Amino acid sequence: MSVEVVVLLCCDYHMHTFRCGDASGTYEEYVAKALEQGLKEIGFSGHSPQYFLPKDMRRRESAIPEEELELYVREVETLREKYEGSIVIRLGLEVDFVPGHDKELEKLVFSYPWDYLLLSVHYLNDWPFDHPKYIARYSEWDINELFATYYQVLRRGIETGFFDAVAHLDLPKKFGFRPTREIPELEEVLTSCVKYGVAVELNTAGWRRPAQEAYPSLSILQRARDFGLSVCVGSDAHRPEEVGRYFKEAEEFLRKAGFTSVIRFVQRKKIPVLLEGNPLCE
Ligand code: ZN
Ligand code: FE
Ligand code: FE
């Protein structure tokens, strides 16, 4: 006899839209899928404009163009009003962190009424290492060194104090490359999260990548729990059908890691929600 798993996770905080050139589907289609999945709360987290690149090198393929950011904010706010009473919609942004551009970053952070900001490191210098097109460049690295360098950059991002959660914390494993020893810089990342009150995102997209495992791994998630960090959940949907995907697996992952709650974001504040008997998810 099969036992039905009841999914209590009900907030998906990592969703893209057509405003970023790498995602498809209308806002309405994402919301419809979320409702179908029984989600009670969602957050859009479009890719931030590429403030760290010279203007002529910024590409719609991987980010919301700067001149459309205001439009994105207004679209999400309009949607929020439209669906009031049936689903809660939060305004987020997945911010690419590249060191050395704090002024531009600060402007981005304080220009709009974000509910939350996800910190993402997708670039090491000029290398967008999570992009399949540039996968050959992994061969230029010692993989342990790569992870160590990545975590150093991530820590610098956390220490700006601008962010609410770290997205896909162990992203360099995306294509299946994994460290072969302990990476002490990971400890420093978690320590910084404690110090700056930054949550860790459980990102289910890893399950649909060659890594075949959520970001972060169960062992990192367990360590995050040991550090007393809070966790939010996101599917990193780039298409409407990906909304809420692998949430059953995510819930199991969280329980195995010892988490009894997840967090919601409201105007840059974290609100914990118990997984068990979650009133949001009746
Ligand atoms: Zn994307
Ligand atoms: Fe990302
Ligand atoms: Fe994303």
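Not measured: the values here are computed from a predicted model.

(A) Inspection of the coordination of the zinc ion (ligand 1) at higher detail. Every protein donor of the zinc ion (ligand 1) is listed here as Asp22 (OD), His47 (NE2) and His238 (NE2), and their distances to the metal cover 1.9 to 2.1 Å. Along the chain, the residues donating to the zinc ion (ligand 1) are arranged with the sequence spacing D-x24-H-x190-H. Between the zinc ion (ligand 1) and the iron ion (ligand 2), a separation of 5.6 Å is found. Highlighted residues: Asp22 in the loop between strand S1 (11–15) and helix H1 (27–36) and His238 in the loop between strand S9 (231–234) and helix H7 (247–257), separated in sequence by 216 residues. The exposure class of Asp22 is partly exposed, given its relative accessible area of 34%.

(B) Examining the side chain of Glu75 more closely. By the secondary structure assignment, Glu75 is in helix H2 (residues 69–82). Given a relative accessible area of 19%, Glu75 falls into the buried group. Beyond its immediate sequence surroundings of up to four residues, Glu75 is in contact with Phe18, Arg19 and Tyr27.

(C) Quick look at the environment of Leu108. Take Leu108: it is sitting in helix H3 (residues 102–110). With a relative accessible area of 11%, Leu108 lands in the buried category. Between the alpha carbons of Leu108 and Pro272 there is a distance of 26 Å; along the sequence they are 164 residues apart. Setting aside residues no more than four positions away along its own chain, Leu108 makes contact with Ser48, Pro49, Tyr51, Leu69, Leu93, Val95 and Trp114.

(D) Seen up close, the nonpolar core. Residues Phe44, Tyr72, Tyr151, Leu169 and Leu254 are the most contacted members of the largest nonpolar core, which totals 84 residues. Element by element, the count of residues in this core is highest for helix H4 (residues 143–158), at nine residues. Setting aside anything within four residues of it in sequence, one finds Tyr151 in contact with Leu169, Asp170, Ile183, Glu185, Leu186, Val189 and Ile220.

(E) Local environment of the coordination of the iron ion (ligand 2). With distances of 2.1 to 2.2 Å, the protein atoms coordinating the iron ion (ligand 2) are Glu94 (OE), His122 (NE2) and His168 (NE2). The exposure class of Glu94 is buried, given its relative accessible area of 1%.

(F) Molecular detail of the state of the cysteines. Taken as a whole, this structure holds zero disulfides when the rule is applied. There is no disulfide at Cys20, and the cysteine sulfur nearest it, in Cys232, is 17 Å away. Its relative accessible area of 0% is what places Cys20 among the buried residues. The closest cysteine sulfur to the non-disulfide-bonded Cys232 is located on Cys11, 9.6 Å from its own sulfur. We classify Cys232 as buried; its relative accessible area is 1%.

(G) Region of interest: unusual backbone geometry. That bond from Tyr215 to Pro216 is cis: its omega, -10 degrees, falls within 30 degrees of zero. Assignment of secondary structure puts Pro216 in the loop between strand S8 (199–203) and helix H6 (218–226). Phi at Tyr246 is positive, roughly 65 degrees, even though this residue is not glycine. Tracing the backbone through its elements, the reader meets Tyr246 in the loop between S9 and H7. By relative accessible area, which is 28% here, Tyr246 ends up partly exposed. Here the phi dihedral of Arg268 falls at roughly 70 degrees; this positive angle occurs in a residue that is not glycine. Turning to its location among the elements, Arg268 is positioned in the loop between strand S10 (261–266) and strand S11 (269–274).

What counts, and where the lines are drawn
Residues numbered from 1 in each chain as written. Chains lettered and ligands numbered in written order. Predicted model: local features only at pLDDT ≥ 70, side-chain atom pairs only at ≥ 80, totals over all residues. Heavy atoms only, no water. Donors = N, O, S within 2.8 Å, 3.2 Å for Na, K, Ca; no water. Helix = DSSP H or I, 4+ residues; strand = E, 2+ residues; numbered from the N terminus. Buried < 20%, exposed > 50% of the residue type's maximum accessible area, 1.4 Å probe, protein only. Contact = heavy atoms within 4.5 Å. Core = buried A, V, L, I, M, F, W, Y, C linked by side-chain atoms within 4.5 Å. Disulfide = S-S within 2.5 Å.

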